[in-house]
Amino acid sequence: MWFNGLLDLSVMQLILVTLGMTHVTIVSVTLYLHRHSAHNSLDLHPALKHFFRFWLWLTTAQNTKEWTAIHRKHHAKCETEEDPHSPVVLGIRKVLFQGAELYAESATPETLERYGQRTPEDWVEHNVYSRYKMLGIALMAVINLALFGVHGIWIWAVQMMWIPVWAAGVVNGIGHWMGYRNYECADNARNISPLGFLIGGEELHNNHHTYPNSSKLSRRWFEVDIGWGYIRLFQLFGLAKPKGYRPIAHHVPGKLEVDVETVQAIANNRFDIMRQYRKRVMEPVLRQQKSLMDDEIRPRYRKLKQLLSREVTLIQPKEKETLESVLERNAVLRQIYEKSHELQALWRQRGLKPQDKLNALMEWCREAEASGIRYLEEFAEHLRAYSLRPSA
C-alpha cells in the first residue's frame, strides 16, 4: 500500500491524473494570472480567484504580483532591451530553456512597484503565499507521495516543470519566434496552434498581443481557445464575467456614407481592417502582377507577399531594400502599398481631430475609387459600410 500510495492507481490512471492536475495549473495561469490579473479582461468570483491562487502556490511557487508585473512589463517593453523575456533580443535558446530564470531575474522591487498594481494585498498573501513561497510546492510533494506513493516523485517533477516549459519557454519563446500572424501588431508575437489543451489558448499569442484586453484569444474559425471555453462554463454558474471580447466595429451592408462612426469603428478594429486589406487588395493584386514581373523579381514573390503587409518597424534593412527595388519597378504595387500606409495614418497620427480624420478617410475612399484598381475600389466600398456596434 505504501509503495503505491493511498489511491493505488494503475500507470495509465497516474498519467491521466498528472495531465489533469497540470491542466488545472494551466487554466489557473491563463484565466487568473493572465486574463484577470494582468489585463483585467475578466472578472472572477472571489472563491474561484482564491482557489486559483492556492493551486498556483502549490504547483508553481509563483505569486500574483510578480507574475502580473513581469507580464505587464513584457507588453510595455516588448522586443526591447527592457523586455523580460524576448527571444528577438535574448535569443530563442535562452528564453526556451531559461524562461523560469528570466522571470526570477525580472522580479525586481522597481518592476513590482511600477507594474504590480491592483494585485492581492490581503493577510494570506503577505503571511502565507509571499512569505512562504516554497512551502506550497513542498506541501504538494508530500500530498503526491501520500496519494501516489513513489510515483508521486515523478508526478511532482512533471508538475514543477510544466509551467516553466510550456508557459515561460514555449509561449514566451516560440510564441515570439515562429508561427503564423493574423495581425501585424508592432512586435514579433505569433500564433503557434494547435497546442490548446497543453497551454489553454495561450498559443494564440499574436491574437493576444494585438488585442491584449480581450478575454477571448481565438479570432478565426479554426482557432480553439480552451480558456475561453472555461470562461463560458464558469459564466453559466455566475463565477466569471468576460469583458471586452467583442470588437465595437460593426459592418452594415448597404451603408454608403462615411461618417464619424465609420472612422471610430475602423480605428478600433484597425488590425482586422489591415488583415482584410491584405486579403482583399494586396494578395489578389500581387497575383495579377506576378505574370508581369521580370525573372529577377519573380523568385522573390513569396517574400514580397509577406513584406507588403509586414509591420514596417519589423522589416529588416535588407528586406527593405528588396521591397523598395520591387516597388520602384511596379507602379500598381507601389500604389496599393502607399494606400495601406495612408489608411494606417488615420490612427497613427497623433493630435488629429475627429473631423480631420473623417475628411482624411473620405479622401482616401475617393482616391481609392478613382484608382482604376478594382480590388482597391471594392475595399473602399467595404470601408464605407462600417459603423459602431449598436448597444445591446
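Attention now goes to helix 20 (residues 374-384). Taken together, the buried positions of helix 20 are occupied by Tyr 375, Leu 376, Phe 379, Ala 380, His 382, Leu 383 and Arg 384. Buried residues along helix 20 sit in contact with strand 3 (249-251), helix 14 (260-268), helix 15 (270-290), helix 18 (331-348), helix 19 (354-369) and strand 4 (386-388).

Moving on, we come to a nonpolar patch on the surface. Residues Val 11, Met 12, Ile 15, Leu 16, Leu 19, Trp 154 and Phe 197 make up a contiguous nonpolar surface patch of roughly 660 Å² in combined accessible area. The residue Trp 154 is located in helix 10 (residues 151-171) in this model.

The next point concerns the pattern of salt bridges. One pass over the full model with this rule turns up 21 salt bridges. Its salt-bridge partner being Glu 125, residue Arg 53 comes within 2.9 Å of it at the nearest N-O pair. Of this pair, Arg 53 sits in helix 2 (residues 46-59) while Glu 125 is found in helix 8 (residues 123-129), placing the two residues 72 residues apart along the sequence. Residues Arg 53 and Glu 125 agree in their burial class; the two are buried. A salt bridge links Arg 334 to Glu 324; its shortest N-O distance comes to 3.4 Å.

By size, the foremost hydrophobic cluster in this structure holds 39 residues, and its most contacted members are Tyr 277, Leu 308, Leu 333, Leu 343, Leu 361, Trp 364 and Leu 383. When residues of this core are traced back to their parent elements, those giving at least two are helix 14, helix 15, helix 16 (301-309), helix 17 (317-329), helix 18, helix 19 and helix 20. Counting 28 residues, the second largest nonpolar core, distinct from the first, contains Val 29, Ala 168, Ile 192 and Trp 228.

This part is about the packing of aromatic side chains. Using the criterion set out here, one finds 14 aromatic pairs in the structure. For the ring pair Phe 54 and Trp 57, a centre distance of 6.1 Å and an interplane angle of 40 degrees mean the geometry is tilted. Taken together, the residues span about one helical turn, with Phe 54 and Trp 57 both in helix 2 at a distance of 3 residues. Take Phe 54: its relative accessible area is 34%, and that puts it in the partly exposed class.

What counts and what doesn't
Residues numbered from 1 in each chain as written. Predicted model: local features only at pLDDT ≥ 70, side-chain atom pairs only at ≥ 80, totals over all residues. Heavy atoms only, no water. Buried < 20%, exposed > 50% of the residue type's maximum accessible area, 1.4 Å probe, protein only. Helix = DSSP H or I, 4+ residues; strand = E, 2+ residues; numbered from the N terminus. Contact = heavy atoms within 4.5 Å. Patch = residues over 30% accessible without salt bridge, like charges linked within 9 Å, V, L, I, M, F, W, Y side chains within 5 Å. Areas by Shrake-Rupley, 256 points an atom, 1.4 Å probe, with all protein chains shown as cover. Salt bridge = Lys/Arg side-chain N within 4 Å of Asp/Glu carboxyl O. Core = buried A, V, L, I, M, F, W, Y, C linked by side-chain atoms within 4.5 Å. Phe/Tyr/Trp six-rings, centres within 6.5 Å; stacked < 30°, edge-to-face > 60°.

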